[in-house]
Amino acid sequence: MRTEFLEALERASKPEELTKDDLTVLISADKEESAELFRLADQVRSRVMGDEVHLRGVIEFSNYCRKNCLYCGLRRDNSALLRYRMKPDEIIEGARRAAGLGCRTVVLQSGEDGFYSAQMLAEVVFRIKKELDVAVTLSVGDRSREEYALFKEAGADRYLLKHETCDAKLFAELRPGTSLKGRLKRLRWLRELGYQVGSGNMVGLPGQTAETLAGDIILMREMEVEMAGIGPFIPNKQTPLGSCKGGTLEMTLKTLAAARLALPCVHLPATTAVATIHPSGRVKALQCGANVIMPNITPLKYRESYLIYPDKIGLNDTPEESYSRVVNTVLSAGRSISRGYGHSLKYERKCAGI
Ligand code: 5AD
Ligand code: SF4
């Protein structure tokens, strides 16, 4: 093993001292080094976050999107996609189903769909929070500060807005008409408004290096995010990046493990994307630092239309089937299901001194 690799692992006992160079070295681990990296990440996850896995039920309520990101199947110009929108009552019914299954968090996710006014979404959040004993995460993209404030007042607990890549040039190329600066501004607003904030990035984007991925982790440490969604980029033929190479399982796991070392008390999901590129992707992610899974609770009839990338798992599963598959995954990894909300540890004031 390289001396610099061993030194970086050693520095991980003080996560705030891990530098971008350290993280680059960790993410460039060879096979033998990876085994050490994964072992330490699993140990840190167990010590800091415990062995429970939090299940967050995701409802993909609209696949309309006004944006045109080069990597994403929901992009505006993808005319091959059948578009749908769920009505407010249908979304609330979906949340009831998620809560009935045992999810203590409901994630409301969509493309950037102006059809839903801030008032409409706030009303949905309000009704869910009033009726059900769940935390609510919103993931509806770029909105104004006032709109984010309205959602918060209605009771939203968390907001998920991935920075996707810390490379400003790549960000602007991949997300036409937007900038990394604008995204970071929104992440700061969300923090100021009192949300638990989630960000994250894709692994394996064209033009990205191990150093970029290290930068992604450093950026999330600087932004003090509470959740980091890290998943492989999967090329989609219905997008301009259709013939690019995608992210690998190894690279994704190494990035995840390095993130666990640098951000010990952050929630890290074993993503649907990692499960899509490898049959045991989620179990492996749970063994490399992840402590969250987001079962898909979208009604069956809409699933195949929320096709961000091809071969997404669970397209023929009902919410009940998705949920029980995820439970089996967790148990097969020797872990247990959390019955709590899975708030940020910072929020629960448990992360002092780590
Ligand atoms: N592969 C993997 N993840 C993707 N996303 C979008 N397109 C892809 C893709 N081709 C992720 C992004 C975004 C969310 C909607 O899905 O990270 O935040
Ligand atoms: Fe729309 Fe988000 Fe997909 Fe971009 S990544 S096209 S904003 S759903």
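Residues numbered from 1 in each chain as written. Chains lettered and ligands numbered in written order. Predicted model: local features only at pLDDT ≥ 70, side-chain atom pairs only at ≥ 80, totals over all residues. Heavy atoms only, no water.

K.L.:
Explain the overall build of the protein to me, using residue names and the numbers behind them.
P.N.:
Across its full length, the protein carries 14 helices and eight strands. Taking 20 Å as the expected radius of gyration for a compact globule of 354 residues, we find that the protein reaches 19 Å, a close match to that expectation. Its C-alpha atoms put the protein at 60 × 40 × 40 Å along the principal axes. The buried share among the 354 residues of the protein stands at 59%. Of all intrachain contacts in the protein linking residues separated by at least 6 positions in sequence, the fraction that spans at least 24 positions is 75%. Within the structure as shown, the protein displays about 14600 Å² of accessible surface, and the carbon and sulfur contribution to it stands at 52%. (Helix = DSSP H or I, 4+ residues; strand = E, 2+ residues; numbered from the N terminus. Rg over C-alpha atoms; globule rule 2.2 N^0.38 Å. Buried < 20%, exposed > 50% of the residue type's maximum accessible area, 1.4 Å probe, protein only. Contact = heavy atoms within 4.5 Å. Areas by Shrake-Rupley, 256 points an atom, 1.4 Å probe, with all protein chains shown as cover.)

K.L.:
Any chance you could break down the side chain of Arg 56 for me, citing the residues and the numbers?
P.N.:
In this fold, Arg 56 is placed in strand β1 (residues 52–62). Only 3.0 Å separates the side chain of Arg 56 from the backbone oxygen of Gly 342, close enough to count as a polar contact. (Polar contact = N/O pair within 3.5 Å; in protein donor to acceptor, adjacent residues only side chain to side chain.)

K.L.:
Give me the lowdown on helix α10 (residues 249–262), citing residues and values where you can.
P.N.:
The terminal C-alpha atoms of α10 lie 20 Å apart, and with 14 residues this matches the ideal 20 Å at 1.5 Å per residue to within 8%. Along α10, twelve of the 14 residues are buried, which leaves the element largely enclosed by surrounding structure. Of the positions making up α10, those classed as buried are Leu 249, Thr 252, Leu 253, Lys 254, Thr 255, Leu 256, Ala 257, Ala 258, Ala 259, Arg 260, Leu 261 and Ala 262. (Expected span 1.5 Å × (residues − 1).)

K.L.:
How would you sum up the site of ligand 1? Please name residues and give values.
P.N.:
The environment of ligand 1 is formed by Tyr 71, Cys 72, Lys 162, Glu 164, Met 202, Pro 232, Phe 233, Ile 234, Ile 308 and Tyr 309. In this structure, Tyr 71 approaches ligand 1 through a main-chain N or O atom, which is 2.9 Å from a nitrogen atom. Measuring from an oxygen atom of ligand 1, one finds a side-chain N or O atom of Glu 164 at 2.5 Å. Burial of ligand 1 by the protein amounts to 84% of the accessible area it has alone, namely 400 Å². Taken atom by atom, the bulk of ligand 1 overlaps the largest cavity. (Near = heavy atom within 4 Å. 1 Å grid on protein atoms, 1.4 Å probe; cavity = no way out; pocket = protein on both sides within 12 Å on 5 of 7 lines; lining within 4 Å. Sits in = over half its atoms within 2 Å of the grid points.)

K.L.:
Let's hear about the packing of aromatic side chains: which residues, and what values?
P.N.:
Scanning all chains against the criterion turns up six aromatic pairs. When the centroid spacing of 5.0 Å and the interplanar angle of 90° are considered together, the rings of Phe 61 and Tyr 116 count as edge-to-face. Residue Phe 61 is found in strand β1, and its partner Tyr 116 is found in the loop between β2 (105–110) and α5 (118–131); the two are separated by 55 residues along the sequence. Tyr 116 gets classed as buried once you look at its relative accessible area, which sits at 2%. Consider the rings of Phe 115 and Tyr 116, whose centres lie 5.1 Å apart with planes at 85°: the pair is edge-to-face. (Phe/Tyr/Trp six-rings, centres within 6.5 Å; stacked < 30°, edge-to-face > 60°.)

K.L.:
Please give an account of the pairing of strand β6 (residues 227–232) that cites residues and values.
P.N.:
Counting buried residues along β6, six of its six residues qualify, which places the element largely inside the surrounding structure. In β6, alternate side chains face the same way, and those of Met 227, Gly 229 and Gly 231 on one face and Ala 228, Ile 230 and Pro 232 on the other are all buried. Across six bridges, strand β5 (residues 196–203) lies against β6 in parallel orientation. Bridge pairing links Gly 198 to Met 227 in β6. The parallel pair β5 and β6 is bridged by helix α9 (residues 210–222), and the resulting crossover is right-handed. (Pairing = 2+ DSSP bridges. Right-handed = clockwise from strand over helix to strand, strands pointing away.)

K.L.:
Could you give an account of the site of ligand 2, naming the residues involved and the relevant values?
P.N.:
Ligand 2 sits among Cys 65, Lys 67, Cys 69, Tyr 71, Cys 72, Leu 74, Arg 75, Gly 111 and Arg 175. Judged by the fraction of its atoms near the pocket grid, ligand 2 is located in the largest cavity. Classifying every residue of the shell around ligand 2 by side-chain character gives five nonpolar, one polar and three charged. (Nonpolar A, V, L, I, M, F, W, Y, C, P; charged D, E, K, R; others polar.)

K.L.:
So what's going on with helix α4 (residues 88–101)? Which residues, and what values?
P.N.:
Its 14 residues give α4 an end-to-end C-alpha distance of 20 Å, which sits within 8% of 20 Å, the value for a rise of 1.5 Å per residue. Along α4, the positions that sit buried rather than exposed are Ile 91, Ile 92, Gly 94, Ala 95 and Ala 98. Taken end-on, α4 shows its buried residues confined to a sector of 155°, consistent with a single buried face. When the buried face of α4 is taken as reference, the exposed residues oriented beyond 90 degrees from it are Asp 89 and Gly 100. Just downstream of α4 lies Gly 102, where phi reads positive at about 120°. (Arc of directions from axis to C-beta.)

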